[in-house]
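Okay, here's what each chain looks like letter by letter:
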Amino acid sequence: MARKGPEIIIVGAGIIGASIAWHLTRSGVHVTILEACEPGGVATPNSFSWINSNYHFAQEYFVLRHHSMGEWRRLSAALPQLPVSLSGSVYLPAKGMDLEEFVARNTAWGYRIEIIDGERVKSLEPNLALETEVAAHAHDEGAVEAQEVAELLTAAAVDEGAELRTGARVDGLAVEDGRVTGVRAGDKTISADEVVIAAGAATPELVREVGYDLPLSTPPGLLAHTKPVSRVLNGLVLAEGLHMRQKANGQILAGSDFQGAELADDPKSGGEELIRRLGSALKNSEPLVLERTTTGYRPTPADGLPVIGRPHGISGLSVAVMHSGVTLCPAVGAMVAEELLTGNRHELLAPFGTERFLNAPPESSRV
Ligand SMILES: Cc1cc2nc3c(=O)[nH]c(=O)nc-3n(C[C@H](O)[C@H](O)[C@H](O)COP(=O)(O)OP(=O)(O)OC[C@H]3O[C@@H](n4cnc5c(N)ncnc54)[C@H](O)[C@@H]3O)c2cc1C
């Protein structure tokens, strides 16, 4: 297919870079994906990969996430091979959580979530051993196998004409006359009209040299993966100190908290503890055997919100880094592609620009 428009480099083929690359390539643009390792990501393979929008978020973040939940349906219709399951979540009562208030607030914002009784919990998740009289059911939540999604999106972008270079670590940016003109990789400079940094936790070091100081932390998160068992879970279950889901291959994936680093200090005993909690939470299961634990590092900007856009308005350069990149993958891919191609910024991205962390560098060090 004849290519049109700018030449665009995407740095990183995790779930975010892969989504941006696919959306751009579909529009007929020539994209080069530079990936230090192999497609699939660093945070992405270690993610719980829950698609949701109903933690204790500010409304504008809720709206972006909610929009992206719907966008998962668009993406999986376009690419039916993506492992996406939107089978809903059951929230059991937890300390410090007012279930009624939680459901009322999210319902008022248009979320399909409702209070259910213990009988309904049993019909949704008959193998749950945790007794409850009340719970909440979020109808449209789900999960994906995030590493596979990143790999498949990258492959689909390549099918559409993108160039993929693996083992291609980007060392820095090429800058001319105040504009980013490409990247430096080893002893080569690769030119482009636009460079998108979607390098997860490595993003700050790549944009620092243009004077953009992006404050990012990487809190660890431990997950336990069991050996495959026959199906005992239908959707996601969120309980006190335990969230769990069962993958298509029968493995159960479990973690203990979403923000903190509980159990991550000692993966071995943390994994055993998660298996113990799973054992108390489930019945009718074959023996649950720990296959492995993973510790992932969440790329989390200082205020917890995505950072998407042009640092200092520098031409030729964009960044896209965030926690909850799995939930946000389809929306961010489409919106960043649209912005690069038309210059139009999607209104839902307005609160998530780079200017939040604008520590303007001295003129002399600016590109
Ligand atoms: C334990 C845990 C649980 C999570 N749970 C959820 C959840 O339930 N729901 C949710 O939505 N999100 C969740 N997240 C967050 C989500 O996984 C991340 O936001 C998302 O995976 C980030 O994707 P990414 O593509 O930006 O980064 P990454 O997956 O880290 O990919 C970045 C890519 O850039 C490449 N790269 C880096 N530096 C360079 C360089 N210099 N040159 C070339 N390539 C480079 C890397 O090799 C990598 O492939 C969780 C994360 C963790 C760790």
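Residues numbered from 1 in each chain as written. Predicted model: local features only at pLDDT ≥ 70, side-chain atom pairs only at ≥ 80, totals over all residues.

### Concerning the sheet that holds strand E15 (residues 220-226)
Read from one edge to the other, the open sheet built from eight strands follows the order E6-E7-E5-E16-E17-E18-E15-E19, with strand pairing classed as mixed. Whereas interior strands pair on both sides, the edge strands pair on one side only; in this sheet they are strand E6 (113-117) and strand E19 (290-297). Each neighbouring strand pair of the sheet contributes to a mean axis angle of 20 degrees, computed without reference to strand direction. Pairing of strand E5 (residues 89-91) with strand E7 (residues 134-138) involves three bridges; the strand directions are antiparallel. Residue pairing for E7: tyrosine 91 is matched across the bridge by alanine 136. Packed onto the sheet, helix H3 (residues 99-108) meets E5, E6 and E7 and runs at close to 145 degrees relative to E6. Across the sheet, helix H7 (residues 267-281) touches E15, strand E16 (236-239), strand E17 (242-246), strand E18 (252-255) and E19, and the angle it forms with E19 is around 115 degrees. (Pairing = 2+ DSSP bridges. Helix = DSSP H or I, 4+ residues; strand = E, 2+ residues; numbered from the N terminus. Axes fitted to C-alpha atoms, helices over the stretch in contact; angles between N-to-C directions. Contact = placed C-beta atoms within 7 Å.)

### Focus on helix H1 (residues 15-26)
A rise of 1.5 Å per residue sets the reference length of H1, with its twelve residues, at 16 Å; its end C-alpha atoms lie 16 Å apart and thus fit the reference within 8%. For H1, a buried count of eleven out of twelve residues is recorded, marking the element as mostly surrounded by other parts of the structure. When H1 is considered as a whole, its buried residues turn out to be Ile15, Ile16, Gly17, Ala18, Ser19, Ile20, Ala21, Trp22, His23, Leu24 and Thr25. In the stretch just after H1, glycine 28 is the one whose phi turns positive, near 90 degrees. (Expected span 1.5 Å × (residues − 1). Buried ≥ 20, exposed ≤ 12 C-beta atoms within 10 Å, placed from the backbone.)

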